[in-house]
Amino acid sequence: MELPFTHKPGRRERHLRRRHENPLFAWPPQEVPPEDLLAAQQADHEEMEAFRTDFRALVQKAVELPPDAGSEIVLGLKEALERHYEQSFGLPETHTEERKAIRKLIALIMQAVKRAAGVDPLARQELAEEEEAREIHFRLLKQPLVADLLHPESPIGPDQLTPAVLSATLDEVAAVLQILDPEQCAELADQAIRLLEDRAAHGVDVAPARRRLDLILTSLGVEDAPRH
């Protein structure tokens, strides 16, 4: 069944698209009910509208922030901006301008924080490490699967992580491996091997998924996946 998926979906619709008629998620492959797709699209759209309202209020709060605002207020605003930046990657459509504005506001806040830190070398080092971690996090969010997994209300359940990763682009897989610890990567590899063995036994072409598995195994220092 051809479903009316949108060109730039939100996180809920994205995951339905992953699952639709995908033999890695279920055998036999299952179609996504049209009513589920419609509900997901509506929920994604409502979340986007709420984001836009909250974003405008957040920018207004930043503009009206007094010069003598306490550190607790300033850092609270920074954390809210970071949450909105992350949330934007789970929404339908593109939000390039909002992200640019958020990054600019965060940069201004960090300049103020650095001035407050003065020449304290330890404080400076901690701020530099925080900025580096933030940039890595923001870069990983560009991969849809990472954004969907990190969302507080992720549509991807624990039992769906393996098929989601095996269905992802290679760039998405590489990014996901950066947010998992070695133990989680090893568990993912074990589950992927078992899943692909099962689907191959049912006659499913698992060659594309094997390339994803090989990437997981390489991250663990294992040269290749077993072939059956």
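Keep in mind that what you see is a predicted model, and the values were worked out from it rather than measured.

Caption draft 1: Looking closely at the domain arrangement of the protein chain. Considered domain by domain, the protein chain is made up of domain 1 (33-142) and domain 2 (158-220). One C-alpha centre belongs to domain 1, the other to domain 2; they are set 31 Å apart.

Caption draft 2: Inspection of the environment of Leu150 at higher detail. Relative to the helices and strands, Leu150 is located in helix H6 (residues 144-150). The exposure class assigned to Leu150 is partly exposed, which follows from its relative accessible area of 30%. Along the primary structure Leu150 and Val165 are separated by 15 residues, whereas in three dimensions their C-alpha atoms are 14 Å apart. When sequence neighbours within four positions are dropped, the list of residues in contact with Leu150 reads Glu86, His137, Leu141 and Ile179.

Caption draft 3: Representation of helix H5 (residues 121-140). Taking 1.5 Å as the rise per residue, H5 with 20 residues should run 28 Å; its terminal C-alpha atoms sit 29 Å apart, in good agreement. Residues of H5 that are buried include every one of Ala123, Leu127, Arg134, Phe138 and Leu140, and no others. Viewed along the axis of H5, the buried residues span an arc of 155°, placing them on a single side of the element. Residues of H5 that are exposed and angled more than 90 degrees away from the buried face: Pro121, Leu122 and Glu132.

Caption draft 4: Representation of the packing of helix H3 (residues 71-88) against H5 in the model. Packing of H3 against H5 leaves a shortest axis separation of 11 Å and a crossing angle of 20°. Viewed along their axes, H3 and H5 adopt a mutual orientation that is roughly parallel. Here H3 runs over H5; the crossing is right-handed. Between H3 and H5, the residues in contact are Lys78, Glu82, Tyr85 and Glu86 and Glu130, Arg134, His137 and Phe138, respectively. Looking at side-chain class alone, the contact of H3 with H5 contains 2 nonpolar, 1 polar and 5 charged residues.

Caption draft 5: View of the side chain of Ser88. Looking at the secondary structure, you find Ser88 in helix H3. Classification of Ser88 as buried rests on a relative accessible area of 1%. Here the side chain of Ser88 touches Arg99 through a polar contact of 2.8 Å, side chain to side chain. If sequence neighbours within four positions are ignored, Ser88 has contacts with Phe51, His95 and Arg99.

Here is what the cut-offs are and how they apply
- Residues numbered from 1 in each chain as written.
- Predicted model: local features only at pLDDT ≥ 70, side-chain atom pairs only at ≥ 80, totals over all residues.
- Heavy atoms only, no water.
- Domains from an automatic or database assignment.
- Helix = DSSP H or I, 4+ residues; strand = E, 2+ residues; numbered from the N terminus.
- Buried < 20%, exposed > 50% of the residue type's maximum accessible area, 1.4 Å probe, protein only.
- Contact = heavy atoms within 4.5 Å.
- Expected span 1.5 Å × (residues − 1).
- Arc of directions from axis to C-beta.
- Axes fitted to C-alpha atoms, helices over the stretch in contact; angles between N-to-C directions.
- Parallel < 35°, antiparallel > 145°, perpendicular 65-115°, else oblique.
- Left-handed = near helix turned anticlockwise from the far one by under 90°.
- Nonpolar A, V, L, I, M, F, W, Y, C, P; charged D, E, K, R; others polar.
- Polar contact = N/O pair within 3.5 Å; in protein donor to acceptor, adjacent residues only side chain to side chain.

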